[in-house]
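# Topology and contacts: notes
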Amino acid sequence: MSTIHIVGAGPGRADLLTVRAARILARADAVLYDRLVSAEVLELVRPGAELHAVGKEEGRQEEIQRHILELLEDCARRHEVVVRLKGGDPMVFGRGAEEWLHLAERGYAVEVVPGISSAVAVPELAGIPVTFRGVAGGFAVVTGNRMAGCCQEWEAYARVDTLVVLMGVGRRAEIAACLMRHGRGGDTPVAFIENGTTPEERVVVTTLAGSGGADVGTPAVMVIGEVVALRGKLADAAGRDAVVDLASLV
Ligand SMILES: C[S@@+](CC[C@H](N)C(=O)[O-])C[C@H]1O[C@@H](n2cnc3c(N)ncnc32)[C@H](O)[C@@H]1O
């Protein structure tokens, strides 16, 4: 009987994968992976396993999602260890729970393996903790994808100490305008962390008022709140060199 493992690949660096994820990849017969899964993580897949790149393209999301579900079922009929590998944590956006539900309703054995989400790890490794006593007592993680025409929903987000926005780069001007309309100061510090945890990482620090004009590429995590100002003191101590020998774990 085959098991489909819905696995979090973490935010990029292979040594930020869980030990369980690395062990499953080493036994995989087939792996379906998203665009944000790094080449370094894919190197841990058992040699000879089927590899399927199933990253979404703008405008074809629904068609590709249907293809992913069919391919998962096809792989489960032919193999024992099937892995659906998703960036970060598989249940934080990215439709992981929809895939889980689809498979569970059809009687497939599914195991979920959590991953380190970019929502917390990417800011943290850039020297920005999402909470800090006396500065931020809470945080929220939201998608920037659903901005169009629903600024009203953001009224509550404007009051959260630290707001972490995923998939928000394309709508950063709209997001900033909406938060300011709901009372967040234009001088609130904002950071965009592009390609976090990878050698291509780039951090842009600005303000809410300056966010629309900031030069930012994707993928990036947008962090809004006073914790961004801590970066100057913490970035050098972010532990980039603490790399472990993965071979000793699997
Ligand atoms: C579909 S969501 C998936 C989130 C993922 N499940 C997680 O827990 O990190 C994709 C978004 O996550 C963010 N993201 C993921 N990995 C990232 C990284 N290494 N650097 C910057 N942003 C990243 C970006 O905002 C990107 O648009």
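Just so you know, these numbers come straight off a predicted model, no measurement behind them. (Residues numbered from 1 in each chain as written. Predicted model: local features only at pLDDT ≥ 70, side-chain atom pairs only at ≥ 80, totals over all residues. Heavy atoms only, no water.)

## Some details on the domain arrangement of the protein
This is how the line gets drawn: What fixes the domain bounds is an automatic or database domain assignment. Contacts are assigned to residue pairs with any non-hydrogen atoms lying within 4.5 Å of each other. Two parts placed together each lose some accessible area; with a 1.4 Å probe, that loss summed over both constitutes the buried area. We define a salt bridge as a side-chain nitrogen of Lys or Arg found within 4 Å of a carboxyl oxygen belonging to Asp or Glu. Amino acids outside the nonpolar list (Ala, Val, Leu, Ile, Met, Phe, Trp, Tyr, Cys, Pro) and the charged list (Asp, Glu, Lys, Arg) are all regarded as polar, and Gly is one of them.
By domain assignment, the protein separates into domain 1 (3-116) and domain 2 (119-236). Taking only C-alpha atoms, the centre of domain 1 and the centre of domain 2 are 28 Å apart. Counting residues at the interface gives 8 residues for domain 1 and 12 residues for domain 2. Both sides of the domain 1 and domain 2 interface together cover about 630 Å² of buried area, and 82% of this is carbon and sulfur. It is Pro11, Arg13 and Phe93 in domain 1 that bury the most area against domain 2; as a group they hold 63% of the surface buried on that side. For the interface between domain 1 and domain 2, the tally reads 0 salt bridges. For the side of domain 1 that touches domain 2, the per-class residue count stands at 6 nonpolar, 1 polar and 1 charged.

## Considerations on the sheet that holds strand S8 (residues 189-194)
Applicable threshold: Strands pair, by our definition, only if DSSP identifies at least two bridges between them. To qualify as a helix, a DSSP run of H or I must reach at least 4 residues; to qualify as a strand, a run of E must reach at least 2; elements of each kind are numbered from the N terminus. Where helices are involved, their axes are fitted lines through C-alpha atoms of the stretch in contact, as for all axes, and angles between N-to-C directions lie from 0 to 180°.
The strand order S6-S7-S10-S8-S9 describes an open sheet built from 5 strands, whose pairing is mixed. A strand with exactly one partner marks an edge of an open sheet, and here the two such strands are strand S6 (139-143) and strand S9 (202-207). Each strand of the sheet is rotated relative to its neighbour by a mean of 20°, with strand direction disregarded. Bridge count for S8 against S9 is 6 bridges, and the pairing is antiparallel. Across the sheet, the residue bridging to isoleucine 193 is valine 203, located in S9. The sheet strands contacting helix H5 (residues 118-125) are S6, strand S7 (162-166), S8 and strand S10 (220-224), and the helix crosses S10 at an angle near 80°.

## Overview of the packing of aromatic side chains
Condition: Pairing of aromatic side chains here covers Phe, Tyr and the six-membered ring of Trp, requires ring centres within 6.5 Å, and sorts the geometry by plane angle: under 30 degrees stacked, over 60 edge-to-face, intermediate tilted. Here's how the labels work: a residue is buried when its accessible area is under 20% of the maximum for its type, exposed when over 50%, partly exposed in between, all with a 1.4 Å probe on protein chains only.
Applying the stated criterion to the full structure yields 1 aromatic pair. Measuring from ring centre to ring centre gives 5.0 Å for tryptophan 154 and tyrosine 157, while their planes differ by 80°; the resulting arrangement is edge-to-face. In this pair, tryptophan 154 and tyrosine 157 are both assigned in helix H6 (residues 154-157), 3 residues apart and thus about one turn of the helix distant. Residue tryptophan 154 is classed as buried on the basis of its relative accessible area, which comes to 2%.

## Details of the site of the ligand
Threshold: A single heavy atom is enough: if one lies within 4 Å of a molecule or strand, its residue is considered near that molecule or strand. N or O atoms within 3.5 Å of each other form a polar contact, as long as, within protein, one can give a hydrogen and the other can take it, and as long as residues adjacent in sequence are counted only when both atoms are side-chain atoms. Values of accessible area rely on a 1.4 Å probe in the Shrake-Rupley scheme; residue burial ignores everything except the protein chains shown.
Taken together, the neighbourhood of the ligand is formed by 18 residues, with Pro11, Val92, Ser117, Ser118 and Ala220 sitting nearest. Within the backbone of proline 11, a nitrogen or oxygen atom sits 2.8 Å from a nitrogen atom of the ligand. Within the backbone of glycine 196, a nitrogen or oxygen atom sits 2.8 Å from a nitrogen atom of the ligand. Surface burial for the ligand is 88%, taken as the share of its 570 Å² of free accessible area covered by protein chains. Elements represented by at least two residues in the shell around the ligand include exactly H5 and S10.

## Side note on the sheet that holds strand S1 (residues 3-8)
Read across the sheet, 5 strands follow the order S3-S2-S4-S1-S5 without closing on themselves; strand pairing throughout is parallel. Looking along the sheet, the strands with just one partner apiece sit at the ends: strand S3 (50-53) and strand S5 (109-113). Strand-to-strand twist across the sheet, computed as the mean angle between neighbouring axes with direction ignored, equals 20°. Here strand S2 (residues 30-33) runs beside strand S4 (residues 81-86); their pairing, made up of 4 bridges, is parallel. Residue pairing in the sheet places alanine 30 in a bridge with valine 82 of S4. The sheet strands contacting helix H4 (residues 96-105) are S1, S4 and S5, and the helix crosses S1 at an angle near 170°.

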